[in-house]
Every structure is written in C-alpha cells, then in structure tokens.
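Listed below are the residues making up each chain.
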Amino acid sequence: MRIVFFDAHSYEQDPFNAANKERNHQITYLSTRLTRDTVRLAQGAEAVCCFVNDTLDRTVLENLASQGIRLIALRCAGFNNLDLAAAVELGINVVRVPAYSPHAVAEHAVALLLCLNRKIHRASARVREGNFSLEGLVGFDLYGKTVGIVGTGRIGHCFAAIMRGFGCEVLAFDPTPDVDIANGVRYVDFDVLLTQADIISLHAPLTPQTHHMFNRGAFERMKRGAILLNTSRGGLVDTAALIKSLKSGHVGAVGLDVYEREAGIFFEDWSSAGLQDDLLARLLSFPNVLVTGHQAFLTDTALTNIAQTTFENIDAFQTGAPLVNAITPQSVLPPRV
Ligand code: NAI
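Residues numbered from 1 in each chain as written. Predicted model: local features only at pLDDT ≥ 70, side-chain atom pairs only at ≥ 80, totals over all residues. Heavy atoms only, no water.

Student: Help me understand the sheet that holds strand 10 (residues 227-230) in this model?
Tutor: Two strands in a sheet stick together by hydrogen bonds in their backbones, pointing the same way (parallel) or opposite ways (antiparallel). Strand order across the open sheet formed by 7 strands is 8-7-6-9-10-11-12, with parallel pairing between neighbours. Taken across any chain shown, the strands that pair with only one partner, and hence form the sheet edges, are strand 8 (185-187) and strand 12 (289-291). The sheet shows a mean angle of 15° between the axes of neighbouring strands, taken without regard to direction. Summarising the sheet, strand 9 (residues 199-202) and strand 10 pair through 4 bridges and their orientation is parallel. Among the inter-strand pairings, L202 is bridged to a residue of strand 10, identified as N230. Its contacts with the sheet place helix 6 (residues 154-165) against strand 6 (146-150), strand 7 (169-173), strand 8, strand 9 and strand 10, and it is angled at close to 175° to strand 6. (Pairing = 2+ DSSP bridges. Helix = DSSP H or I, 4+ residues; strand = E, 2+ residues; numbered from the N terminus. Axes fitted to C-alpha atoms, helices over the stretch in contact; angles between N-to-C directions. Contact = heavy atoms within 4.5 Å.)

Next up, the structure:
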C-alpha cells in the first residue's frame, strides 16, 4: 500500500523500514504534522500513519476521505486527537497500537520521580560547573511513602508494580478498577487519593471527564509538598492552575512528559528561535519542575513493537482481516475483562 507518514522522525524510520522489509509497502515519511494546511500532502496515498499531535478533526478527515483514504493507522495508543464520530460517519477506519511497551512509559515516570526527588538534574548541572555543594539537594526516602495512581490500565499497572517494589503504599483511582492489579494496591475515591498521596502519577486517557482533572481545586486538596507526575496527556492538568500552585509552594515538584499545548512545540528544536509559549516557559523556570518532550514511549523495544503492530494493522486492512485494534465508539471507555 502507499502510506504517508506524518510527523515522522528519523528515530522511527529504522524500525519501520525493518518491519516493512518483507512487506514492501510504499512509504513516504513527512516531517510535517498533519493539519488542515498539510492534509493535501496525503494525495496519492491509500493510508496515512499519524502520531499524537497530528490533527484528526472533522475538516481534516473530510479532506482525507475526499482523497479516497479509508485507513488511518495511528502509531500510538492515545486517540484524543481524533474526531471519532466524524471518522465513523465518513467510513474511515482508524487503528492504533494499544500497547507497545507500558513498561517504557511507567519506567519514564519513575525516572522523572527519582530525578526530581533526589534533585539529580540540579546536582548534575552543579557538578559540571565544579560546584559540589549539597545545599538544597535534600530528597526523601520513597520507601514507606504513599503513591496515588490515576488510571490503572496497562501503564498504571506497571507503575504500581514498580512503586510496590520501592516499598511504597499504593492508592489508585479508576472508574473501572482492575481486579488483577498487584497485591497491596488499594482503590480509593479521587478525593482520598488527592489528600493522602505523597506522589501522584497520571495514567488515564484524555477524555471530557479527565480534562483538567487536576485543576485549582485538586491542587488545593493535594498534600503540601506532594509530587505530581504526568506521562499521560497534557490536557489532564490545568497548567495555569499548576503554575499558581507551584508559585505558592503548595505542590512540591512536578514531572511532566506531556503538556496541554504541546502540539506544534514538542518534537521540534526551538533552541535557536526561543519558546513562544509563555505558560511552558514559566513552567520551565521552576527548579522543581522537570519537563521531557513526550519521550516516555521512546525505547527501542517500544519503537520495534509500534512498527510491528502498525504494519499488522495495515496488513489486516489490506487483506480484509478483522481490525483487532480498530478504534470504535466502544474504545472510548474499554470494558475490563
Ligand atoms: P489503558 O487504556 O490501558 O488505561 C487507561 C486507564 O485509565 C483505564 O484503566 C481507564 O479505566 C482509566 N480511566 C479512564 N477514565 C478515567 C478517569 N476519569 N479517572 C481515572 N482513570 C480513568 O491506557 P494505557 O496504555 O495505560 O495508557 C494511559 C495513557 O498514557 C494513554 O491514554 C495515553 O494518553 C498515555 N500514553 C503516553 C505515552 C507517552 O509517551 N507519554 C505513551 C503511551 C500512552
């Protein structure tokens, strides 16, 4: 098939080319994101392959449909950027990679936590300058602390297991609790999680229900000094409210791999032009904030699995086999079995 990849980066091409070796799909990699302005670049393709910050709103979908495209292969798990109702209406199939390495994302959340708590980012910068002072670098033992997990799906599940390994007490909030979750994880109300957790990690999808779940009220309910980690989707956190809470010193530290206005900023090099986004720039001014640019998924294991599953999805569409990873209205809140 002729497939146009939008927002394609060099680190993805090797695993995709390797997975395509025996398939021989005709791939065009475009570094540009899919938007209303770039959708015409899909011309001639039979399918498009998209990532987290590509725009899949009704206008873009109508344009893709008018070009004869009947398959969108998302090479990611989340699909909050998709107007699913429009896709269904237009007869466009959308497939995704529901799980490629939940460990990669959970481990990145732990990396953010360890770095923030022990101030590794600050210590490393100091030592490089020849400054070996320990002032301001005091952390705390994770052992015995209470961790709150919002969303206990695949990634939340892995994160819970790792934190249990550190000797933490793990609380969880999820409207669909997981009966198979590791021993020692206790489901509680959202408010209990907010008020009792020393560390809160977000692993829920972005939906109308989770949008700005962490707003001013939630920050006020959190324990003073608690650490917030978000490796799910930026929209779960009201960034302006977060900044206020950081300024007041209520939130102790924040590790973010995602940001609600990341589209058009993340995955690009702005080091010469400077950041135009004032909220993000303010966030980055806090010493107790650590931001990575949506890289939690970025391991060789995950990239290989993403490429493999994406092509399996495309092959299934091509051969008329069932699309096991299709996004349907039922995918919005998957029942747990
Ligand atoms: P999953 O679908 O396995 O689990 C999501 C869980 O969130 C489910 O258990 C669901 O019941 C729960 N949930 C839904 N609404 C909720 C609410 N209102 N409050 C609390 N929990 C709620 O998804 P998975 O694979 O664990 O991924 C989680 C999220 O991580 C994805 O939706 C995606 O946005 C993000 N992600 C981020 C990556 C990165 O590189 N930063 C990579 C992969 C995923």
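After presenting the structure, the write-up continues.
Student: For this particular structure, what's the right way to read the pattern of salt bridges?
Tutor: Between side chains of opposite charge, a pair can form as their charged atoms come close. The full count for this structure, using the stated rule, is 10 salt bridges. Between E46 and R2 there is a salt bridge, with the nearest N and O atoms lying 4.0 Å from each other. Taken together, the positions of E46 in the loop between strand 2 (26-29) and strand 3 (47-50) and R2 in strand 1 (residues 2-5) put the pair 44 residues apart, joining distant regions of the chain. K223 serves as the salt-bridge partner of D198, at 2.9 Å between the closest nitrogen and oxygen. One end of the pair, D198, is in the loop between helix 7 (190-196) and strand 9; the other, K223, is in the loop between helix 8 (216-221) and strand 10, with 25 residues separating them in the sequence. Overall, D198 belongs to the buried group, its relative accessible area being 17%. (Salt bridge = Lys/Arg side-chain N within 4 Å of Asp/Glu carboxyl O. Buried < 20%, exposed > 50% of the residue type's maximum accessible area, 1.4 Å probe, protein only.)

Student: I keep staring at the pairing of strand 7 and nothing clicks. Help me out?
Tutor: Along any regular strand, the residues point their side chains to alternate faces of the sheet. Here strand 6 runs beside strand 7; their pairing, made up of 5 bridges, is parallel. Within strand 7, the residue paired with T146 across the bridge is E169. Handedness of the β-α-β unit built from strand 6, helix 6 and strand 7 comes out right-handed. (Right-handed = clockwise from strand over helix to strand, strands pointing away.)

Student: Sorry, what's going on with the packing of aromatic side chains here?
Tutor: The geometry of an aromatic ring pair is captured by two quantities: the separation of the ring centres and the angle between the planes. As enumerated under the stated definition, the model contains 9 aromatic pairs in all. Ring centres of F173 and F190 lie 5.5 Å apart, and the angle between their planes is 45°; this geometry places the pair in the tilted category. With F173 in strand 7 and F190 in helix 7, this residue pair connects regions lying 17 residues apart in the sequence. Using a relative accessible area of 23% as the deciding quantity, one classes F173 as partly exposed. Taking the centre distance of 5.6 Å and the plane angle of 90° together, the rings of F190 and F214 count as edge-to-face. A residue pair is termed long-range when its members are at least 10 positions apart, and F190 in helix 7 and F214 in the loop between strand 9 and helix 8 qualify at 24 residues. Pair check on accessibility: F190 and F214 agree, each one buried. (Phe/Tyr/Trp six-rings, centres within 6.5 Å; stacked < 30°, edge-to-face > 60°.)

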